[in-house]
Amino acid sequence: MCEFKKKFKILLIPDKFQRYDIIQIENIKNALSRTGIDSYIFKSNFNDDKIKDFLKDNSFDVVFAVNKGRPIGLNKQIRFISWFQDFYYDSDFLLEHYEKNDIVYFYTSPDSFGVSKKINCYSSTLYPGIDPLILSSDLDNISSDCDLVDKYQKLEFSICGYIPTPILTPFFELYFRNYNYNEGHFIDKHLLEWASNLTNKKDNKYRIDFWKEFIVDLQIIVESNYEPLSGDLKVKMIASKIKQRIRDNFKYINSEIFRQWIPFFSTEYARYLDRALLAKLLSKHSYQFALFGKGWSEILEFESFAGKHISDQKKLFEIYKKSKINLYNNTHGLGMHSKVFEIFANGGFLALPKYKKNFSLSGINEGFNENEHFVTFTSENFEDLIHNWLFNTKKRIEVAKNAREIVLDQHTWDKRVQKIINDLEL
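Residues numbered from 1 in each chain as written. Predicted model: local features only at pLDDT ≥ 70, side-chain atom pairs only at ≥ 80, totals over all residues. Heavy atoms only, no water.

Chemist: Summarise the nonpolar core; cite the residues concerned and give the values.
Modeler: Nonpolar side chains in soluble globular proteins tend to end up buried together. Of all hydrophobic cores here, the largest spans 64 residues; its most connected members are Phe 157, Trp 211, Phe 265, Leu 327 and Leu 385. Broken down by element, this core gets its largest block of residues, 15 residues, from helix 9 (residues 256-285). The residues touching Leu 385, leaving out its near neighbours within four places in the chain, are Phe 157, Ile 325, Leu 327, Ala 351, Val 375, Phe 377 and Leu 390. The next biggest cluster of nonpolar side chains, apart from the first, holds 52 residues, and it includes Ile 13, Ala 345, Ile 406 and Val 407. (Core = buried A, V, L, I, M, F, W, Y, C linked by side-chain atoms within 4.5 Å. Buried < 20%, exposed > 50% of the residue type's maximum accessible area, 1.4 Å probe, protein only. Helix = DSSP H or I, 4+ residues; strand = E, 2+ residues; numbered from the N terminus. Contact = heavy atoms within 4.5 Å.)

Structure below.
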């Protein structure tokens, strides 16, 4: 068995060639190496033809790819594993060409992602993991004195996550949604240039007031069909309404601007709604909070609380520990998430919305217990979170320690890789 593993080769393909995605794939590679399996990371932008050409010239037994389907015409002897961490309004077409010995993993249940295609191979959930070797020490190693821990935790709350496109911020005092659409605005020139570069030439006839009204209509579709912090985003339903709105105005949908706007408004914009509401809740109850990620500094209301995007993992892990309460949100209600595991593993205390899906597959209660490993809140009872937990340092440390122990025992990349190996029946 061991000798077979040493000859086995897996090609690892990240979702995007970005730092977070590469780190995740490197963690999988390291865990595979500890089992004796050789792997290689495909460090190039992905497309079907490029990967097929690469596999013709290089020998691999398995391809493990994030958010990608099996390419048409790929050698049938090569097993393909897809791991869908995201599932967009049009992702169903990626599920059409699997062989029977392939594997499809989802970050959550297919129902939660809105999957409608029948999958012609084994399918299961796969959650991310953590690498214990890169973790920082927990709060017990800093001090057993609660007063010293309080001094160390300079932030009452923190949110680590970007705000999608601050220019689409309705409560921003200068946002064009607050003015007559015909009124001159500093964004007019940029918006017209953007639209003209992405649409068919015949659509250059549209005036600035048309584009403003059109963007606001798309925002309203999302705002009317997604309740912030509900964790119940229905991507396909919202995308369908957006496409109908596009057809009503343009009679066609195949334009670059719509290929960008449909996924943005059906998926990304809801994340903005969540984080904007969280930030507003904090601004009502705290003066010692921080918002880490791109975009926050561009919103005047949050400018003084905005921190830079943190790309260094060690610095990010320190933020988790230096925050009395780490706030987390997910538009699909996912709790078995990489950020959750990272906060727990580094001794951070986590609070997340009381999602209806918390007890569903991939909900946080699948692996953890409320008030023992994490806490929940609603926008209506946010004050209870402050009164019950913000000033109870001893209890917060205890809860964080409980969660850390579970993550280190059950949610490492070695555990995830062992599941993959078992599913492959190597």
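Still more to cover.
Chemist: Please give an account of the environment of Pro 353 that cites residues and values.
Modeler: Along the chain, Pro 353 falls in strand 11 (residues 350-353). As a C-alpha pair, Pro 353 and Lys 7 span 346 residues in sequence and 46 Å in three-dimensional space. For Pro 353, the contacting residues outside a window of four places in its chain are Leu 229, Tyr 328, Asn 329, Asn 358, Thr 376 and Phe 377.

Chemist: So what about the layout of surface pockets? Which residues, and what values?
Modeler: Taken as a whole, the largest pocket encloses approximately 1500 Å³ of empty space. In terms of lining residues, the largest pocket is bounded by 44 residues, among which Gln 18, Tyr 20, Tyr 162, Arg 271 and Arg 275 are the most central. Secondary-structure elements contributing two or more residues to the lining of the largest pocket are helix 2 (19-34), helix 9, helix 10 (313-322) and helix 11 (338-345). (1 Å grid on protein atoms, 1.4 Å probe; cavity = no way out; pocket = protein on both sides within 12 Å on 5 of 7 lines; lining within 4 Å. Points joined across faces, edges and corners; volume = space filled by probe spheres on them.)

Chemist: Break down the side chain of Gln 85 for me, citing the residues and quoting the values.
Modeler: For Gln 85, the position within the fold is in the loop between strand 4 (79-84) and strand 5 (103-106). Of the polar contacts made by the side chain of Gln 85, one reaches the side chain of Gln 24; its length is 2.7 Å. Leave out the neighbours within four places in its chain, and Gln 85 touches Gln 24, Val 66, Asn 67, Tyr 107 and Phe 113. (Polar contact = N/O pair within 3.5 Å; in protein donor to acceptor, adjacent residues only side chain to side chain.)

Chemist: Describe in detail the sheet that holds strand 2 (residues 38-41), supporting the description with residues and values.
Modeler: Judged by pairing direction, the sheet is parallel, and its 6 strands sit side by side in the order 2-1-3-4-5-6 without closing on themselves. With one partner strand each, in any of the chains shown, strand 2 and strand 6 (122-125) form the two edges of the open sheet. Each adjacent strand pair in this sheet contributes to an overall mean axis angle of 20 degrees, direction not counted. Two elements, strand 4 and strand 5, share 4 bridges in a ladder whose sense is parallel. (Pairing = 2+ DSSP bridges. Axes fitted to C-alpha atoms, helices over the stretch in contact; angles between N-to-C directions.)

Chemist: Summarise the packing of helix 11 against helix 13 (residues 393-410); cite the residues concerned and give the values.
Modeler: Direction vectors running N to C along helix 11 and helix 13 enclose 115 degrees, while the axes themselves pass 7 Å from each other. Between helix 11 and helix 13 lies a crossing whose hand is left-handed. Along the contact surface, helix 11 presents Phe 341, Phe 344 and Ala 345, while helix 13 presents Ala 400, Ala 403, Arg 404 and Val 407. Residues belonging to the contact of helix 11 with helix 13 are distributed by class as follows: 6 nonpolar, no polar and 1 charged. (Left-handed = near helix turned anticlockwise from the far one by under 90°. Nonpolar A, V, L, I, M, F, W, Y, C, P; charged D, E, K, R; others polar.)

Chemist: Tell me what's going on with the pairing of strand 3 (residues 62-66), and back it up with residues and numbers.
Modeler: Most of strand 3 sits inside the fold, with 5 of its 5 residues counted as buried. Here strand 3 shows a buried face lined by Val 62, Phe 64 and Val 66 and a second buried face lined by Val 63 and Ala 65. Of the strand pairs in this sheet, strand 1 (residues 9-13) and strand 3 are connected by 4 bridges, and their pairing is parallel. The residue bridging Leu 11 from the neighbouring strand is Val 63, located in strand 3. Judged from the 5 bridges that link them, strand 3 and strand 4 form a sheet pairing that is parallel. What sits directly across from Phe 64, in strand 4, is Ile 81.

Chemist: Got a sec to walk through the sheet that holds strand 8 (residues 289-292)? Specific residues and values, please.
Modeler: In sheet architecture, strand pairing relies on hydrogen bonds along the backbone and comes in two forms, parallel and antiparallel. Read from one edge to the other, the open sheet built from 6 strands follows the order 9-8-7-10-11-12, with strand pairing classed as parallel. Lying at the two open borders of the sheet, with one neighbouring strand each, are strand 9 (306-307) and strand 12 (375-377). Where strand 8 meets strand 9, 2 bridges bridge the pair, whose relative direction is parallel. Across the sheet, Phe 292 pairs through a bridge with Gly 307, a residue of strand 9. Running over the sheet, helix 12 (residues 382-390) touches strand 7 (155-160), strand 10 (323-327), strand 11 and strand 12 and is turned about 145 degrees from strand 10.

Chemist: Now, about the packing of aromatic side chains: what can you tell me, with residues and values included?
Modeler: By the definition in use, this model includes 35 aromatic pairs. Each ring, one from Trp 296 and one from Phe 302, has its centre 5.6 Å from the other, and the planes form 80 degrees; the classification is edge-to-face. With respect to class, Trp 296 is no different from Phe 302; both count as buried. Site record: aromatic cluster; members linked through ring pairs are Phe 210, Trp 211, Phe 214, Phe 250, Phe 258, Trp 261, Phe 264, Phe 265, Tyr 269 and Tyr 272. The residue whose ring lies beneath Lys 9 is Phe 60, and the NZ or CZ to ring-centre distance is 4.6 Å. When the ring centre of Phe 46 is taken as reference, the NZ or CZ atom of Lys 68 above it lies at 5.3 Å. (Phe/Tyr/Trp six-rings, centres within 6.5 Å; stacked < 30°, edge-to-face > 60°. Lys NZ or Arg CZ within 6 Å of the ring centre and 35° of its normal.)

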